Amino acid sequence: AALREGYEHFDPRAYLRNNYLPPRADFSSEEFVVPWKLRCLAETFASGEIRGRTLIDVGSGPTIYQLLSACDHFEEIVATDYLAVNREELSRWVRGEPGAFDWSPFIQHVCKIEGRGEPWQDKERRLRQRLRRILPIDVHRPEPLGAPLRPPADALLSAFCLEAVSPDRAAFVRALAHVGNLLRPGGHALLLGALGESFYLAGPARLPVVPLEESDVREALAAAGFALRELRSYAMPPALRTGVDDVDGVFFAHAQK
């Protein structure tokens, strides 16, 4: 209940300013956090192993960067978020409305690291075409969408969601198991998340986060029925500790149900 109340004050634009504009979204060096996240995803999807009909993105927030490498490998992408303000922010981008957040630097960077020489506008168009559904979700329910996803997703992606909406580690593990119900057996799960973070700011909202270590991520995935394939971590450099959170680092996990 306390978490729900806090998220009523969540400001998507403030969140985007805090995390997806410079200094954190600096593409001049691979040492910065946003290029690191994009490279983790690009390299994992480049294997060609993670593909299929449907990918579900759990807790999309107001962001699409996490879907840029995924959109080449799935016929449909389903975005989800608990907050109507985030779903509307995503819808504005999909519709190409004036004033929507400008993700073009992210798209250009992903095209560059994927190295196929593709015009970035083609990738932008493809993601807009394949991002067909933006649904409400509650990861604390055994059926997060309110009903089973039919057919289940071939892959699941979730970035900075579960640890930010769970009051403790036990709730984090339960939420991971709940979203796992959206995925077919053998399906792949890709997670990006915060390490050692206890809060973040989004406008007037100061939101609690479960502080995780790498060992917590490993244990949670195993408890939720996933086999870990890869775990990477990134230490947040002093220059990117801007006061909008107290994050120590970021993890990237690839697991299989």
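Here, every reference points to the structure presented above.
Remember, predicted model here, so these are calculated numbers, not experimental data.

Each value, and the rule that gives it
- Throughout, residues of each chain are indexed from 1 in the direction in which the sequence is written.
- Whole-chain, interface and lining totals are the exception, using all residues; otherwise, since this is a predicted model, local features are given only for residues with pLDDT of at least 70 and side-chain atom pairs are given and counted only at 80 or more.
- For side-chain calculations, the full set of non-hydrogen atoms in the structure is used, while hydrogens and water are omitted.
- Helix and strand labels come from DSSP, where a helix needs a run of H or I of at least four residues and a strand needs a run of E of at least two; each type is numbered from the N terminus.
- Buried residues are those whose accessible area, probed at 1.4 Å on protein chains only, stays under 20% of the maximum for their type, while exposed residues exceed 50% and partly exposed ones sit between those limits.
- Charged residues are defined narrowly, with Lys and Arg counted positive, Asp and Glu counted negative, and His plus the chain ends left uncounted.
- Each salt bridge in this description consists of a side-chain nitrogen of Lys or Arg and a carboxyl oxygen of Asp or Glu lying within 4 Å of one another.
- Pairs of N or O atoms within 3.5 Å make up the polar contacts considered here, provided that, within protein, one atom can donate a hydrogen while the other can accept it, and that residues adjacent in sequence are counted only when both atoms are side-chain atoms.
- Contacts are assigned to residue pairs with any non-hydrogen atoms lying within 4.5 Å of each other.
- A pair of strands is labelled paired if DSSP reports no fewer than 2 bridges between them.
- The angle between two axes is taken between their N-to-C directions and runs from 0 to 180 degrees, where each axis is a line fitted to C-alpha atoms and a helix contributes only its stretch in contact.

### Side note on the side chain of Asp57
Line of reasoning, step 1. Here Asp57 is to be found in strand β1 (residues 52-58).
Line of reasoning, step 2. Notably, Asp57 is buried but unbridged: the nearest opposite-charge side chain belongs to Lys37, and the N-O separation is 12 Å.
Line of reasoning, step 3. Among the polar contacts made by the side chain of Asp57, one reaches the side chain of Gln66 at a distance of 2.8 Å.
Line of reasoning, step 4. With residues up to four places along the chain from it excluded, the contact list for Asp57 reads Gln66, Leu67, Val78, Ala79, Thr80, Leu157 and Ser158.

### As for the sheet that holds β1
The pairing of strands in a sheet happens through backbone hydrogen bonds and is either parallel or antiparallel.
Line of reasoning, step 1. Sheet architecture is open: 7 strands sit in the order β3-β2-β1-β4-β5-β9-β8, paired in mixed fashion. What marks the edges here is a single partner per strand, and that holds for β3 (131-136) and β8 (227-235). Taken over all neighbouring pairs, the strand axes of this sheet differ in orientation by 15° on average, direction set aside.
Line of reasoning, step 2. Relative to strand β9 (residues 249-256), β8 is paired through 8 bridges, and the arrangement is antiparallel. Counterpart to Leu231 in the pairing with β9 is Ala253.
Line of reasoning, step 3. Sitting on the sheet, helix α4 (residues 84-95) touches β2 (74-81) and β3, and the angle it makes with β3 is about 170°.

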